[in-house]
Amino acid sequence: MRIPLHVRRKFDQWMPFISINLRGSRVRPMPIEALVDTGSPWIAITPKDALRLNISIKHLRKAPQYTTVMLAGIKFWRYLLKGVSVHMKDEKGGIISIALPSISVLWPTQKKLPKGTKNIPSILGSDFLTTAKLSLHFDPSKQIAFLEKQT
Amino acid sequence: MSIPEEQEIKRTLEMFERSENWFSDNYKELEKEYLDMILAIRDEKVISASATIEELLENLKARNEDISSVYIGSISPKGIAFIL
């Protein structure tokens, strides 16, 4: 089973993105776009999407480990949002649902959102691929990318 | 998950992807008008543009827009790349 990714042109290079729908008790259910990035240990929701999904960090606890994260030169607190499921479309248009114990929500350590924050996409990181038993296939020269369920 | 719930997820994902694709296909054109801004897009149209995400969401709320049906994309400032 394959989950097609969108190969988009950013900064004159090709990058794999995915549309996901997040569901959970503290989340406004709606789709977001995330960069598939194996350089990130976790699935991480950045402030642009946290605000859109109406995730209030006041109700979240900071992660006990790796409490701060540097991303795109900006320092963030890492909060944990528990009991979330991620939904995405497979190649036949069916919906694949993955339940996760928690996901990371990043919020700047500065009081005011730094200017570049709006340009930082949410990230689908390695923990998601591990939990969902998905492998990443990415051929930027042909603009082909998909996730594949391991058998 | 119930079938209606699954159908709703599929419907919103497909609508979102249409706007995502339109944004991506028209990025170069949008860049000329909306450099370093964040845009709300629906039905292949920019329905609001602001300098910050907070301001954009406030504008959408004031206009009673259904945020779940809107794609939000940002135009990076000229000459700056974000390495993640």
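For the structure itself, look to the data block above.
Residues numbered from 1 in each chain as written. Chains lettered and ligands numbered in written order. Predicted model: local features only at pLDDT ≥ 70, side-chain atom pairs only at ≥ 80, totals over all residues.

**Q** In this structure, what is going on with the overall build of chain B? I would like to understand it.
**A** When its secondary structure is counted, chain B shows three helices and three strands. Reading the helices (α) and strands (β) of chain B from amino to carboxyl end gives α-α-β-β-α-β. By the burial criterion, 27% of the 84 residues in chain B qualify as buried. (Helix = DSSP H or I, 4+ residues; strand = E, 2+ residues; numbered from the N terminus. Buried ≥ 20, exposed ≤ 12 C-beta atoms within 10 Å, placed from the backbone.)

**Q** What am I meant to see in the overall build of chain A here?
**A** Looking only at helices and strands, one finds two helices and twelve strands in chain A. Over its C-alpha trace chain A gives a radius of gyration of 15 Å, about what one expects of a compact globule, namely 15 Å for 151 residues. Its C-alpha atoms give chain A principal-axis dimensions of about 40 × 35 × 25 Å. Partitioning the contacts of chain A with sequence separation of at least 6, the portion at a separation of at least 24 is 61%. (Rg over C-alpha atoms; globule rule 2.2 N^0.38 Å. Contact = placed C-beta atoms within 7 Å.)

**Q** Honestly, the interface of chain B and chain A in this entry has me stumped. Any pointers?
**A** Reports of interface size often rely on the accessible area that becomes lost once the parts have come together. Contacts between chain B and chain A engage 24 residues on the former and 28 residues on the latter. Taken together, the elements giving at least two residues each to the side of chain B that touches chain A come down to α1 (3–25), α3 (53–62) and β3 (71–74) of chain B. Element by element, the count of residues in the side of chain B that touches chain A is highest for α1(B), at nine residues. Residues of the side of chain B that touches chain A, tallied by class, amount to 13 nonpolar, six polar and five charged. (Nonpolar A, V, L, I, M, F, W, Y, C, P; charged D, E, K, R; others polar.)

**Q** What is the right way to read the environment of A:D127 from this model?
**A** Position of A:D127 among the secondary structure elements: in helix α2 (residues 126–132). For the pair A:D127 and A:L100, spaced 27 residues apart in the sequence, the C-alpha separation amounts to 9.5 Å.

**Q** Help me out: how do you make sense of the pairing of β3(B) in this one?
**A** Side chains on a regular strand alternate between the two faces of the sheet. Residue and element names in this part refer to chain B. Side-chain alternation along β3 places Y71 and G73 on one buried face and I72 and S74 on a second face that is also buried. Sheet analysis places strand β1 (residues 38–42) next to β3, joined by four bridges and oriented antiparallel. From the neighbouring strand, I38 faces β3, where its bridge partner is S74. (Pairing = 2+ DSSP bridges.)

**Q** In this structure, what is going on with the environment of A:V69? I would like to understand it.
**A** Residues and elements named next belong to chain A. Looking at the secondary structure, you find V69 in strand β7 (residues 68–71). Separated by 58 residues in sequence, V69 and F11 place their C-alpha atoms 23 Å apart. With near-sequence residues (within four places) excluded, V69 lies in contact with F76, R78 and L106.

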